[in-house]
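Spelled out from the first residue to the last, the chains are:
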Amino acid sequence: MERHARELPNRRWFWPGALLAGYITQVLFRLYLVRNLSYPSIHPDEESYLVLARVLAGHQSTEMPVGVIIPGGYPLLISPALRIADDPVTAYHLVMGTNALLNALIFPLAWLALRRLGLDRPQAYAFAVATALLPPLVFYSEFALTDTVMPVLILAWLLCLHGWLTDGPLRRRVWYAAGTGATAAYTMATHDRGGVVVALTGVVFVAVLLLRWTPWRTVVAGLGALGAGVAGGKLLSAWLHAQFTVPNSDVGGFLWKGLSDPEAAQRTLTRTVGQIWYFIISTWGVGGLAVTVCLFAVFSKRFPRPHRITGGVMVALLVGTALAAAAALPDDKRIDDWVYARYASYLVPAAFAVGAAVLCRFRSRALGWALAGTAGLTLVLGEAVVRSAGSLLRTQVFIAWGMPDALFLADNWGALRIMRTTVVAFGVLGIVVLLRLLAPQRVVWAGVVLALFAGYATDTITESISYPHSNWRKGIATGFTENAGIRPEDSVVFGWDTDWSMRGAQAFEVYQGRVWFRDPHTRPIPAQATVIVTAPSPEDKEPDASWPDHPADWHVDRVDRQQGWMTWRKG
């Protein structure tokens, strides 16, 4: 029996079966986490992606909550869920299921990356499980956001990039080059930060062609796939634009303003530093090891060229993304803006895989230097944010959703504690390093420990942040629909004097009909409209006093002064 168990991993079917079982387990874990989530709560982002998916699924157009046309790559992936469902709650549950299927793909991709980095199968499996359970990856997949699929795309992009640069048969390299271009283009069709990915991909293609590091046919294939993909994304955006009456997003304009405005320079720099700090602590320093080693590898010939280029590209993407996000985000007086690493989180699985390879393969001396360099860098970054932002880290608006990893590590759900978070993150890394040094022949157990801790952290963050945040938003989502008596066949006009987040949520919750955002007092009421929502009249006035010249066939239906709305119904 014992001998049979030892021989089992050598069976041809064992590892494919283990990977399939691991993927299914990852999907089920994600479904378990979102079992109590039934409506969008991240306003207006979630509703905007869901509205785009609704149109792509063949339903009628409605108002765009975010006010501009945003990339449609992610809505395209979840649109089948909205074709099946005939009510918003069912649709949202199906979207969460789609998210689980997409996000769990990180597991097999991380296994491939770790194998390519030289880990044996058991080590790669353990650390791939840990990678796929990391809070920054799973947390954002609990909402209808592009962050569900972006980490998968980035990891696939880097794998293709490395495969293209590695020596091998021409046909294989052509396919890898085409995959590099295609995945880069799809990231741009999914989110504006994909523009940084496309720019880096173009630079690498041209540089490698000029330096003759790969056959020119592979570069042609890659550039062809990149160009075709970007063109397809533009066509998708143009089609979506034709379905709505709003402008395209001007992220480029906000980015340029943030980079060129001297008054915003310090804020942009501090935010960039803060995002990189958060990126490192959200991976418990393991991703920081990757950043440190990749920076060293760029200038060292000890590493193979494919590793050096791919590592350099990964670090460039991290810094470029952090800088672009820091410059483009508005100054909305939120604490989490100083360390907001949601946009850089799409690099977490790639960096964690590289960091895991450093843990497993570096000798004790080299690992010690890498650990010391990473800890020093992280402390400097954290101190820079503390000194630059100062008291603003305590006095600005606190939103736990924007910094879940830091709050979990500091065991404080009500305040950001940068230095305490840094110490705890590296405490976790220190325990893993100690396990690796004490049992160098059983480094797989370090991966197992990380996987268990990642699962615990993700579950805790979900219970402490995802659920409370969603419950807090229920009143403007399904709660409003029920309290206001909105029927499935209704179409609703929301006045500009109503709560903006409620307007945004109802753009999805009014599922079969549609909504409009307009002032019914000054603009014509659409003939299709059956309900109008406005702010209530003063308490000392009759309910219909706020609209004395309302059309005769409209009457006040319900009033909720506590939540600040009243409904008018036709007929």
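About the criteria used
Residues numbered from 1 in each chain as written. Predicted model: local features only at pLDDT ≥ 70, side-chain atom pairs only at ≥ 80, totals over all residues. Heavy atoms only, no water. Helix = DSSP H or I, 4+ residues; strand = E, 2+ residues; numbered from the N terminus. Rg over C-alpha atoms; globule rule 2.2 N^0.38 Å. Buried < 20%, exposed > 50% of the residue type's maximum accessible area, 1.4 Å probe, protein only. Contact = heavy atoms within 4.5 Å. Areas by Shrake-Rupley, 256 points an atom, 1.4 Å probe, with all protein chains shown as cover. Lys, Arg positive; Asp, Glu negative; His and termini not counted. Charge placed at Lys NZ, Arg CZ, Asp CG, Glu CD. Polar contact = N/O pair within 3.5 Å; in protein donor to acceptor, adjacent residues only side chain to side chain. Pairing = 2+ DSSP bridges. Axes fitted to C-alpha atoms, helices over the stretch in contact; angles between N-to-C directions. Patch = residues over 30% accessible without salt bridge, like charges linked within 9 Å, V, L, I, M, F, W, Y side chains within 5 Å. Salt bridge = Lys/Arg side-chain N within 4 Å of Asp/Glu carboxyl O. Nonpolar A, V, L, I, M, F, W, Y, C, P; charged D, E, K, R; others polar. Parallel < 35°, antiparallel > 145°, perpendicular 65-115°, else oblique. Left-handed = near helix turned anticlockwise from the far one by under 90°. pLDDT = per-residue confidence, 0-100. Expected span 1.5 Å × (residues − 1).

## What to know about the overall build of the chain
When helices and strands are tallied, the chain shows 24 helices and five strands. Over its C-alpha trace the chain gives a radius of gyration of 25 Å, about what one expects of a compact globule, namely 25 Å for 571 residues. With the C-alpha coordinates aligned to their principal axes, the bounding extent of the chain is approximately 80 × 65 × 50 Å. For the chain, the residues scored as buried account for 55% of the 571 residues in total. Within the chain, residue pairs in contact and separated by at least 24 positions form 75% of the contacts whose partners lie at least 6 positions apart. Accessible surface, the chain as shown: approximately 24400 Å² in total, 62% of it carbon and sulfur. Between the centroid of the 49 positive side chains of the chain and the centroid of its 40 negative side chains there is a distance of 18 Å.

## Structural notes on the side chain of Thr 190
Its place among the elements puts Thr 190 in helix H10 (residues 170–190). On the accessibility criterion, Thr 190 (0% relative accessible area) is buried. Of the polar contacts made by the side chain of Thr 190, one reaches the backbone oxygen of Tyr 186; its length is 2.6 Å.

## Examining the pairing of strand E5 (residues 565–570)
A large share of E5 lies buried, amounting to five of its six residues. Note: strand E4 (residues 554–560) against E5, six bridges, orientation antiparallel. In the strand pairing of E5, Val 559 is matched with Met 566. In sequence, E4 turns back onto E5 through a hairpin of four residues, with Gly 564 there showing a positive phi of about 80 degrees.

## What to know about the environment of Gln 26
Considering the arrangement of structural elements, one finds Gln 26 in helix H2 (residues 14–33). Through-space distance from the C-alpha of Gln 26 to that of Ala 100 is 7.9 Å; in sequence the pair is 74 residues apart. Among all residues touching Gln 26, those that are not within four sequence positions of it are Ala 104, Phe 107, Val 129, Ala 132 and Leu 133.

## Comments concerning the sheet that holds E4
In spatial order, the strands read E2-E1-E3-E5-E4; together these five strands make up an open sheet with mixed pairing. Strand pairing shows two members of the sheet lacking a second neighbour, strand E2 (515–517) and E4, which therefore form its edges. Across this sheet, the average inter-strand angle for adjacent strands is 20 degrees, counted without regard to direction. Each of strand E1 (492–494), E2, strand E3 (531–534) and E5 touches helix H24 (residues 500–509); the most contacted strand, E2, lies at about 155 degrees to it.

## What about a nonpolar patch on the surface?
A surface patch of nonpolar side chains, amounting to about 360 Å² of accessible area, comprises Leu 20, Ile 24, Leu 28 and Leu 31. Relative to the elements of secondary structure, Ile 24 occurs in helix H2.

## Overview of the packing of helix H17 (residues 348–361) against helix H21 (residues 418–438)
Following both chains from N to C, one finds H17 and H21 inclined at 40 degrees, their axes separated by 9 Å at the closest point. Packed against H17, whose contacting residues are Leu 359, Cys 360 and Arg 361, the element H21 presents Leu 429, Val 432, Val 433 and Arg 436 at the interface. Partitioning the contact of H17 with H21 into residue classes produces five nonpolar, no polar and two charged.

## Let's talk about the packing of helix H11 (residues 194–211) against helix H12 (residues 216–243)
As a packed pair, H11 and H12 sit with axes 10 Å apart at the nearest point and diverge in direction by 160 degrees. In terms of orientation, H11 lies roughly antiparallel with respect to H12. The two elements H11 and H12 meet at a crossing, and its hand is left-handed. For the pair formed by H11 and H12, the contact residues are Val 198, Thr 201, Gly 202, Phe 205 and Leu 209 on the first element and Trp 216, Val 219, Gly 222, Leu 223, Leu 226 and Val 230 on the second.

## Comments concerning the confidence of the model for the chain
Mean pLDDT over the chain: 93, with 99% of residues reaching 70 or higher. The weakest mean pLDDT in the chain belongs to helix H1 (residues 2–7) at 57; the strongest belongs to helix H9 (residues 150–165) at 98.

## Quick word on helix H6 (residues 106–116)
Among all positions in H6, only Ile 106, Phe 107, Leu 109, Ala 110, Trp 111, Ala 113 and Leu 114 are buried. Buried positions along H6 lie against H2, helix H5 (88–103), helix H7 (121–132), helix H8 (135–140), H9 and H17. Once H6 finishes, Gly 118 follows within two positions and takes phi at roughly 100 degrees, a positive value.

## Let's talk about the side chain of Thr 146
Position of Thr 146 among the secondary structure elements: in the loop between H8 and H9. Setting aside residues no more than four positions away along its own chain, Thr 146 makes contact with Tyr 49, Tyr 74, Thr 190, His 191 and Arg 193.

## Details of helix H14 (residues 265–282)
In a regular helix each residue adds 1.5 Å, so 18 residues correspond to 26 Å; H14 covers 26 Å between its end C-alpha atoms and thus fits that length. Positive phi shows up at Trp 284, right after H14, with a value of about 55 degrees.

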